[in-house]
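Breakdown of the fold
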Amino acid sequence: MKRTLSFLSVVCLSVLTACNQVSTGTNIGSSAIIVVVENKEYNATEDKLDQKQEIGDQIGTIEKKTKATTMPKGNNQSNYFTVGSEIYSVKGTEDYIIVKDKDHKSQLMKKVVQKR
């Protein structure tokens, strides 16, 4: 009986310790893909562009890459894209930009609306 009680105590303690790590954020998972352009924050999205909308002019390049877990603070910074990735406007909207990395893969980014 003592062995069973000791075993159950160890199991319960292990489960509680694991749950505590997840809930306090000490077990950091993936981060959002963020780009800052013209003092506006854009996050990666799975939204699809309307067929009438297309890639616009190049409006910049990524100048600084921060750590994945760090919020970019300055213009043309990202926590995901490498330095030199190209930033494009999207014709017909200011709510989106497109970032092309050095492998020419495109990522649609949606402007974050600040809550007041």
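Cut-offs and rules
Residues numbered from 1 in each chain as written. Predicted model: local features only at pLDDT ≥ 70, side-chain atom pairs only at ≥ 80, totals over all residues. Heavy atoms only, no water. Core = buried A, V, L, I, M, F, W, Y, C linked by side-chain atoms within 4.5 Å. Buried < 20%, exposed > 50% of the residue type's maximum accessible area, 1.4 Å probe, protein only. Helix = DSSP H or I, 4+ residues; strand = E, 2+ residues; numbered from the N terminus. Contact = heavy atoms within 4.5 Å. Pairing = 2+ DSSP bridges. Salt bridge = Lys/Arg side-chain N within 4 Å of Asp/Glu carboxyl O. pLDDT = per-residue confidence, 0-100. Polar contact = N/O pair within 3.5 Å; in protein donor to acceptor, adjacent residues only side chain to side chain.

1. Considering the nonpolar core
If you look at soluble globular proteins, the nonpolar side chains tend to sit buried side by side. Counting residues in each nonpolar core, the largest one holds 10 residues, listed as Ile 33, Val 35, Val 37, Tyr 42, Ile 62, Phe 81, Ile 87, Ile 97, Val 99 and Met 109. Counting residues per element, the ones that place at least two in this core are strand S1 (34-37) and strand S7 (93-100). Ignoring any residue separated from it by four or fewer positions in sequence, one finds Val 99 in contact with Val 35, Phe 81, Ser 85, Glu 86, Ile 87, Lys 105, Ser 106, Gln 107 and Met 109.

2. What to know about the sheet that holds S7
One open sheet holds the eight strands; their spatial order is S3-S6-S7-S8-S2-S1-S5-S4, and the pairing between them is mixed. Across the chains shown, the open sheet's two edge strands, defined by having one partner strand only, are strand S3 (55-61) and strand S4 (64-65). In this structure, S7 lies alongside strand S8 (residues 106-111), joined through five bridges in antiparallel fashion. Of the residues in S8, the one forming a bridge with Val 99 is Gln 107.

3. A short note on the pattern of salt bridges
A complete count under the given rule lists two salt bridges for this structure. A salt bridge links Glu 54 to Lys 91, with the shortest nitrogen-to-oxygen separation between them at 3.2 Å. Note that Glu 54 is positioned in the loop between strand S2 (40-44) and S3 and Lys 91 in the loop between strand S6 (86-90) and S7, a separation of 37 residues in sequence. By relative accessible area, Lys 91 is classed as partly exposed at 44%.

4. Here's the deal with the confidence of the model for the protein
On average, residues of the protein score 82 in pLDDT, and 73% of them reach the 70 mark or higher. Across residues 16-27, confidence stays below pLDDT 50; counting only partners more than four residues off in sequence or on other chains, it has three contacts.

5. Structural notes on unusual backbone geometry
Within the chain, Asn 76 stands out as a residue other than glycine whose phi angle is a positive 60 degrees. Assignment of secondary structure puts Asn 76 in the loop between S4 and strand S5 (77-78). Given the relative accessible area of 12%, Asn 76 is considered buried. For His 104, which is not a glycine, the phi torsion comes out positive at approximately 65 degrees. Structurally, His 104 is set in the loop between S7 and S8.

6. A word on the side chain of Ser 78
Mapping Ser 78 onto the fold places it in strand S5. Residue Ser 78 is classed as buried on the basis of its relative accessible area, which comes to 0%. Here the side chain of Ser 78 touches Tyr 80 through a polar contact of 2.9 Å, landing on its backbone nitrogen. Of note is the side chain of Ser 78, whose polar atom sits 3.0 Å from the backbone nitrogen of Phe 81. Setting aside anything within four residues of it in sequence, one finds Ser 78 in contact with Ile 34, Val 35, Ile 62, Lys 64, Lys 65, Thr 66 and Pro 72.

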